[in-house]
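# Structural characterization, general
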Amino acid sequence: MALRCGIVGLPNVGKSTLFNALSQAGAESANYPFCTIEPNVGMVAVPDERLDRLAQINSSAKVVPTTIEFVDIAGLVAGASKGEGLGNQFLGHIREVDAIVHVVRCFDNDNVVHVSGSVDPARDIEVIETELLLKDLEAVEKRIDRTAKAAKGGDKKVKDELAFYERLLVYLSDGNPVRGIDANDVEQPWLDSLFLLSAKPVVYAANVGEDEVNSGNAHVEKVREIAKNEGAGVVLVSADLEAQIAELDEDEKELFLEEMGLSASGLDRLIRAAYELLGLITFFTAGPKESRAWTLVEGLKAPKAAGQIHTDFERGFIRAETIKFDDYVSHNGEAGARDAGVMRSEGKEYVVADGDVILFRFNV
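Residues numbered from 1 in each chain as written. Predicted model: local features only at pLDDT ≥ 70, side-chain atom pairs only at ≥ 80, totals over all residues. Heavy atoms only, no water.

Here the focus is the sheet that holds strand β7 (residues 233-237). Read across the open sheet, the six strands follow the order β2-β4-β1-β5-β6-β7; overall the sheet is mixed. Strand pairing shows two members of the sheet lacking a second neighbour, β2 (40-45) and β7, which therefore form its edges. This sheet shows a mean twist of 25° between the axes of neighbouring strands, independent of strand direction. By the bridge criterion, six bridges tie β2 to strand β4 (residues 67-72) in an arrangement that is antiparallel. From the neighbouring strand, N40 faces β4, where its bridge partner is D72. In the packing of helix α1 (residues 15-23) onto the sheet, contacts are made with β1 (4-8), β2, β4, β5 (99-105), β6 (202-207) and β7, and the angle to β2 comes to roughly 45°. (Pairing = 2+ DSSP bridges. Helix = DSSP H or I, 4+ residues; strand = E, 2+ residues; numbered from the N terminus. Axes fitted to C-alpha atoms, helices over the stretch in contact; angles between N-to-C directions. Contact = heavy atoms within 4.5 Å.)

Below, the structure written as structure tokens:
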């Protein structure tokens, strides 16, 4: 699944530094606005200790984690919705992602220029949110004009659709992002067809100083308050610190995190938060040749999971021989789980759970 998270924020908040640490892709990072013009893209492995355990049990020759694509989108500025700072181009890049990682500057440093001249997370968040809302208002107004013409024919369904767009326009005009609106089963396809920017789920990455990754600061508390009201998440990261961690090998990284009093790096926590934000789960296939993690939208059934591996698996699906991860580990693999009677044969209606280790049976 090509799932994409866009890293957004004002210029000079640490987006590209964070992206470089995430992907080690070497995106240009400098102390001036609009350093990033074209979006940089990096594929990032989702950290999951369960995969390493499965590989260990099976002595797997190959280990393949599941991934998320991160896109480093150039810094937005006030007026972006009207084209300021190449705004239309940047907003177009946001339209193409599944979720937004909003990097907010929460550190004080006179040597790093702030585009607005001071550090104020609430103001900075409002600038980005306002530009997304203004672009969405423009899109909804255009849809209303088109639908109003079609509604003159008297079709009730079209009139209902128009009424929904008019309600949506009021909701947006009141400063509400679309991701908070209630849409029923009939209205949801109308909403989805608009591809609105403020419909994207958001997690805030509060970029703090190196000595504040555990404690946070007053700036972070402002971000947490905003996120709480929106039902969004907040992850504390220090982009500069993460850049240092990215240069270490695994043993050095573990020791460094221990010295810092951290159980996981900020990037690992951010990746997991983005993964959960998208409503994703992980299932596994495991054996001597390969242990692999696969991404699936939560709530999907076994044939769809099979289709993640190969479309032929979904078309010819017979059953899914499934073992819960804890059972797989406690019985030291597939053979032990089968002997213990904890390997289940599931059919087409089985809803895959996070952590399932699955062997698919299918007809070619």
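Right, picking up where we left off after that structure.
The tally for this structure, following the rule as stated, stands at 22 salt bridges. Across the salt bridge formed by R4 and E69, the nearest N and O atoms sit 2.4 Å from each other. Within this pair, whereas R4 is found in strand β1, its partner E69 is found in strand β4, the two being separated by 65 residues in sequence. The buried category is assigned to E69, whose relative accessible area is 15%. Ionic contacts of the salt-bridge type, sharing partners, join the residues D48, R50 and D354 into one network. (Salt bridge = Lys/Arg side-chain N within 4 Å of Asp/Glu carboxyl O. Buried < 20%, exposed > 50% of the residue type's maximum accessible area, 1.4 Å probe, protein only.)

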